[in-house]
Amino acid sequence: MNIELNIRQIRTTIPNGVQMVCVSKYHTKEDITKAYKYGERVFAESRAQELLIKAQTLPKDIEWHFIGHLQSNKVKSVCQWVSMIQSVDSIKLINTINSYADHVIDVLLEVHIANEESKSGFEERQLIDFLATDDWKQLNKIRIRGLMGMATNTNDVNLIRQEFRKLKVLFEQVKKDYFSNNLYFDTLSMGMSDDYQIAIAEGATMVRIGSKIFGNHQ
Ligand SMILES: *Cc1c(COP(=O)(O)O)cnc(C)c1O
């Protein structure tokens, strides 16, 4: 794997205004350091323990995002190291983050858009109901920056496109109905190594790319 070459090639396909997050889960500190030296500063991990080990030893100007399922008992330690949690998939988790965070944490609300049970996230209805309560406005450690979603793992490009399109529509609706006076609600995180170009075409402002940069893990 030539990480520098991979990054260079991927970067030519990502327009200005779309942020690339390097998904470094399962990959070594040496590999992350290569991407760092090549100029990347935003990395994402999906397991708490792995994040803590890497964040404590790698350069402090790395901005870490968390993208995996986050258990309540890991929230406090994860919050110390991340600037954003992209995988907020329940009201309980939002409240837990708010009570443990020592600084304001940017969060994305994860929406279940795939037709796979295994993927997590709010159902659309549940998300709207939560935002309509206004309870979240009292959470002073939480800044809701936008939505995140993962498409179905399939070769059916049309299905993937439809799922991203649906998420974009929801994003615009939520933005209009609940965040119209809020400049921070600006992030639509969708697209991974195999589908990020479709996601960008459908309106992603952030893509999360792992294997296309670092190769497949063992
Ligand atoms: C692993 C992961 C990615 C990156 O997947 P690749 O296919 O390796 O690019 C993106 N988002 C989430 C939530 C992930 O868990």
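Provided above is the structure to which this section pertains.
Scope of this entry: the structure provided in the associated data block. Keep in mind it's a predicted model, so treat the numbers as computed, not measured.

Notes on the side chain of His-27
Turning to step 1, where the next piece is worked out: Position of His-27 among the secondary structure elements: in the loop between strand 1 (19–23) and helix 2 (29–37).
Turning to step 2, where the next piece is worked out: Within the structure, the side chain of His-27 is placed 3.3 Å from the backbone oxygen of Gly-215, a separation counted as a polar contact.
Turning to step 3, where the next piece is worked out: Excluding residues within four positions of it along the chain, His-27 makes contact with Ile-32, Glu-50, Lys-54, Phe-214, Gly-215, Asn-216 and His-217.

Comments concerning the packing of helix 3 (residues 48–57) against helix 4 (residues 72–79)
Turning to step 1, where the next piece is worked out: Remark: helix 3 packs on helix 4, axes separated minimally by 10 Å, with the N-to-C direction vectors making an angle of 15°. The angle between the axes of helix 3 and helix 4 places the two elements in the roughly parallel class. Here helix 3 runs over helix 4; the crossing is left-handed. Counted together, Ala-48, Leu-51 and Leu-52 of helix 3 and Lys-74, Ser-77 and Val-78 of helix 4 form the full contact between these two elements.
Turning to step 2, where the next piece is worked out: Looking at the contact of helix 3 with helix 4 residue by residue, the classes come out as 4 nonpolar, 1 polar and 1 charged.

Structural notes on the site of the ligand
Turning to step 1, where the next piece is worked out: Close contacts around the ligand come from Val-23, Lys-25, Ile-67, Met-150, Met-192, Ser-193, Arg-208, Ile-209, Gly-210 and Ser-211, and that covers them all.
Turning to step 2, where the next piece is worked out: Interatomic distance of 2.8 Å between a side-chain N/O atom of Arg-208 and a nitrogen atom of the ligand.
Turning to step 3, where the next piece is worked out: Note that an oxygen atom of the ligand is positioned 2.8 Å from one of the backbone N or O atoms of Ser-211.
Turning to step 4, where the next piece is worked out: For the ligand, whose free accessible area comes to 390 Å², the fraction covered by protein is 85%.

Details of the pairing of strand 7 (residues 187–190)
Within a regular strand, side chains alternate between the sheet's two faces.
Turning to step 1, where the next piece is worked out: The two faces of strand 7 match: Thr-187 and Ser-189 on one face and Leu-188 and Met-190 on the other face are all buried.
Turning to step 2, where the next piece is worked out: In this structure, strand 6 (residues 142–149) lies alongside strand 7, joined through 4 bridges in parallel fashion. Within the sheet, the bridge partner assigned to Met-148 lies in strand 7 and is Ser-189.
Turning to step 3, where the next piece is worked out: Note on the crossover from strand 6 through helix 7 (residues 157–178) to strand 7: the handedness is right-handed.

A closer look at the packing of aromatic side chains
Turning to step 1, where the next piece is worked out: As enumerated under the stated definition, the model contains 5 aromatic pairs in all.
Turning to step 2, where the next piece is worked out: With centroids separated by 5.2 Å and ring planes inclined at 20°, the aromatic side chains of Phe-171 and Phe-185 adopt a geometry described as stacked. Of the two residues, Phe-171 is situated in helix 7 and Phe-185 in the loop between helix 7 and strand 7; the sequence distance between them amounts to 14 residues. Take Phe-171 and Phe-185: they sit in the same class, and that class is buried.
Turning to step 3, where the next piece is worked out: Here Phe-179 and Phe-185 contribute two aromatic rings whose centre-to-centre distance is 4.1 Å and whose plane-to-plane angle is 15°, an arrangement assigned as stacked. With respect to burial, Phe-179 and Phe-185 carry one shared label: buried.
Turning to step 4, where the next piece is worked out: Geometry around Tyr-36 places Arg-41 over its ring, the cationic atom sitting 3.7 Å from the centre.
Turning to step 5, where the next piece is worked out: Its guanidinium or amino end placed over the ring of Tyr-184, Arg-143 lies 4.1 Å from that ring's centre, counting from NZ or CZ.

Some thoughts on the pattern of salt bridges
Turning to step 1, where the next piece is worked out: Tallying each qualifying case throughout the model produces 15 salt bridges.
Turning to step 2, where the next piece is worked out: The partner of Glu-50 in a salt bridge is Arg-47, and the shortest N-O contact between them spans 2.8 Å.
Turning to step 3, where the next piece is worked out: Classification of Glu-50 as buried rests on a relative accessible area of 13%.
Turning to step 4, where the next piece is worked out: The residue Asp-106 makes a salt bridge to Arg-145 at a minimum N-O spacing of 3.0 Å. Of this pair, Asp-106 sits in strand 5 (residues 105–111) while Arg-145 sits in strand 6, and the two are 39 residues apart along the sequence.
Turning to step 5, where the next piece is worked out: A single network of salt bridges, built from pairs that share partners, joins Glu-45, Arg-47, Glu-50 and Lys-54.

Some remarks on helix 6 (residues 124–133)
Turning to step 1, where the next piece is worked out: Here helix 6 has its buried residues at Leu-127, Ile-128, Phe-130 and Leu-131. Looking straight down helix 6, one finds its buried side chains confined to an arc of 160°; they lie on one side.
Turning to step 2, where the next piece is worked out: One or two steps after helix 6, the chain reaches Asp-134, where phi turns positive at roughly 75°.

Reading guide: rules and limits
Residues numbered from 1 in each chain as written. Predicted model: local features only at pLDDT ≥ 70, side-chain atom pairs only at ≥ 80, totals over all residues. Heavy atoms only, no water. Helix = DSSP H or I, 4+ residues; strand = E, 2+ residues; numbered from the N terminus. Polar contact = N/O pair within 3.5 Å; in protein donor to acceptor, adjacent residues only side chain to side chain. Contact = heavy atoms within 4.5 Å. Axes fitted to C-alpha atoms, helices over the stretch in contact; angles between N-to-C directions. Parallel < 35°, antiparallel > 145°, perpendicular 65-115°, else oblique. Left-handed = near helix turned anticlockwise from the far one by under 90°. Nonpolar A, V, L, I, M, F, W, Y, C, P; charged D, E, K, R; others polar. Near = heavy atom within 4 Å. Areas by Shrake-Rupley, 256 points an atom, 1.4 Å probe, with all protein chains shown as cover. Buried < 20%, exposed > 50% of the residue type's maximum accessible area, 1.4 Å probe, protein only. Pairing = 2+ DSSP bridges. Right-handed = clockwise from strand over helix to strand, strands pointing away. Phe/Tyr/Trp six-rings, centres within 6.5 Å; stacked < 30°, edge-to-face > 60°. Lys NZ or Arg CZ within 6 Å of the ring centre and 35° of its normal. Salt bridge = Lys/Arg side-chain N within 4 Å of Asp/Glu carboxyl O. Arc of directions from axis to C-beta.

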